[in-house]
Amino acid sequence: MSPTTTRTRKVIVVDNSHVARRVGERIRQVRIRLGLTQRQLSEGRYTAAYISALERGLAKPSMAALTFLSERLGVSVPDLVAEERPAAGRLEADLLLASGQYTDALDKYEALLDSAGEDRRNRAELLRGRAEALVRLDRAADAIRPAAEAAELFDAIGAPADAAWARYWLAGAHYLTDNIAEAQSLYQQLLAHERAGLQVAPDFRFRLLTQLGNTEVWDGNAERALTYMEEAKSLLGNISVRQRAAFLSALSLQYRRTGDLERSIRAGTESLALYRAAETERDEAVLEMNLAITYVELGSVAKARPHLKRARSLAEHHDDALILAE
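Residues numbered from 1 in each chain as written. Predicted model: local features only at pLDDT ≥ 70, side-chain atom pairs only at ≥ 80, totals over all residues. Heavy atoms only, no water.

Caption draft 1: How the structure looks around the packing of helix α12 (residues 204–218) against helix α13 (residues 222–233). It is the contact of α12 with α13, at a shortest axis distance of 8 Å, that shows an interaxial angle of 165°. The orientation of α12 with respect to α13, classified from their angle, is roughly antiparallel. The handedness of the crossing between α12 and α13 is left-handed. From α12, R205, F206, L209, T210, L212, G213, E216 and V217 reach across to α13, where they touch R224, A225, Y228, M229, E231 and A232. Its residues assigned to classes, the contact of α12 with α13 comprises eight nonpolar, two polar and four charged. (Axes fitted to C-alpha atoms, helices over the stretch in contact; angles between N-to-C directions. Helix = DSSP H or I, 4+ residues; strand = E, 2+ residues; numbered from the N terminus. Parallel < 35°, antiparallel > 145°, perpendicular 65-115°, else oblique. Left-handed = near helix turned anticlockwise from the far one by under 90°. Contact = heavy atoms within 4.5 Å. Nonpolar A, V, L, I, M, F, W, Y, C, P; charged D, E, K, R; others polar.)

Caption draft 2: Structural view of the nonpolar core. Among the nonpolar cores identified, the biggest contains 48 residues, and F154, Y168, Y187, F204 and L208 are the most heavily contacted of them. Counting residues per element, the ones that place at least two in this core are α6 (86–98), α7 (102–114), α8 (120–136), α9 (140–156), α10 (160–176), α11 (180–195), α12 and α13. Here this core gets ten residues from one element, more than from any other, and that element is α10. Each residue touching F204, except ones within four places of it in the same chain, is listed here: A164, W165, Y168, L190 and E194. Among the nonpolar cores identified, the runner-up in size contains 15 residues, and L41, A53, L73 and V75 belong to it. (Core = buried A, V, L, I, M, F, W, Y, C linked by side-chain atoms within 4.5 Å. Buried < 20%, exposed > 50% of the residue type's maximum accessible area, 1.4 Å probe, protein only.)

Caption draft 3: Up close: the confidence of the model for the protein chain. Taken over all residues, the pLDDT of the protein chain has a mean of 77, while the share at 70 or more is 72%. By mean pLDDT, the top-scoring element of the protein chain is α9 (95), and the lowest-scoring one is helix α18 (residues 321–325) (61). Long-range and interchain partners of residues 1–16, a stretch whose pLDDT sits below 50, account for two contacts in this model, where long-range means more than four residues apart. (pLDDT = per-residue confidence, 0-100.)

Caption draft 4: Seen up close, the pattern of salt bridges. A full pass over the atoms with the stated rule returns 13 salt bridges. Among the salt bridges present, the one from E25 reaches R28, with a minimum N-O distance of 2.6 Å. Linking E25 with R28, this pair stays in helix α1 (residues 17–34), spanning three residues, or about one helical turn. The exposure class assigned to R28 is partly exposed, which follows from its relative accessible area of 27%. Note that E110 and R130 form a salt bridge whose closest N and O atoms lie 3.1 Å from each other. In this pair, E110 is assigned in helix α7 and R130 in helix α8, connecting sequence segments 20 residues apart. One continuous salt-bridge network, built from bridges that share partners, spans R121, E125, R128 and D162. (Salt bridge = Lys/Arg side-chain N within 4 Å of Asp/Glu carboxyl O.)

Caption draft 5: Geometry of the packing of α7 against α8. The contact between α7 and α8 brings their axes to 9 Å, and the two run at 150°. On the basis of their axis angle, the class for α7 and α8 is roughly antiparallel. In this structure, the crossing between α7 and α8 has a hand that is left-handed. Packed against α7, whose contacting residues are Y102, L106, Y109, E110, L112 and L113, the element α8 presents R123, L126, L127, G129, R130, A133, L134 and R136 at the interface. Its residues placed into classes, the contact of α7 with α8 shows nine nonpolar, one polar and four charged.

Caption draft 6: Region of interest: the packing of aromatic side chains. Scanning the model with the defined rule gives seven aromatic pairs in all. Here W165 and F204 contribute two aromatic rings whose centre-to-centre distance is 5.1 Å and whose plane-to-plane angle is 70°, an arrangement assigned as edge-to-face. Remark: F204 occurs in helix α12 and W165 occurs in helix α10; sequence separation between them is 39 residues. Judged by its relative accessible area of 1%, F204 is buried. Through successive ring pairs, a cluster of aromatic residues spans W165, Y168, W169, Y187 and F204. (Phe/Tyr/Trp six-rings, centres within 6.5 Å; stacked < 30°, edge-to-face > 60°.)

Caption draft 7: Broad picture of unusual backbone geometry. With a phi angle near 60°, D138 is a residue other than glycine that sits in the positive phi range. Residue placement: D138 occurs in the loop between α8 and α9. Look at D178: it is not a glycine, yet its phi comes out positive at around 70°. Residue position: D178 is located in the loop between α10 and α11. Note on D178: relative accessible area 62%, which makes it exposed.

Encoded structure:
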């Protein structure tokens, strides 16, 4: 190379349009979730037209704009611009769900569904998570559609165990909306598949038997309910402390409904000890109240009083108007 030759610097052209679209889509999702118009979001510094251009990926936001928008939306700048893999985002939502942060999990699932794309498995898993979050938030009517769609998608890709979980939450949604016959039918179908060898989860049969017991109670078939519950009782070793407590609490209530008050007291007392160990105070309050009612029916008001006192104390601590009213 001669001394007069000009060395040309290699330039790599980077197309950042996909980044702008991703950031714009996140701005749009959060804005809509907060119920803000583009004008309200821009107020004080920008125009609605600028926000519209950002959301469509037609403009690239400056750092100053990102800082302003993050403060207005209540979302950090890294959250607005970070690249997110679908699996990583879904894992975060699943962890929120598992930890009992149902509202946060629901928000995460809905945000991820907005950009789920064509991946059927990913969409099915997000829909199933959304359905579970809705059921746990007592919004069962809203859970029916995503649970049903998730089950169909899992069927289409040949994932029967995943489809079974989706239908479990679909059945739960029907149960909580008083469509007992549909819930029973779904639970019975799932139990038949599980007995035929479908492996879903270690506690899946236990869950199904318990829920079938609950549906029979609502239908007024207490004896049939106890048949399911007694079978479920044989599986107690495969479940968590809290599940054991919930099951024994339900069993106690069903013994009371069949008039077996002594067995109701025994199951209820065992459940109470487990709830206290698991530190689930609202459930403990409900059980304390049920035990008190059972003692009253046995004619022992003196034994009922401390249980009622504890139930009232816990209900007041958690400001639970329903328990206090009962």
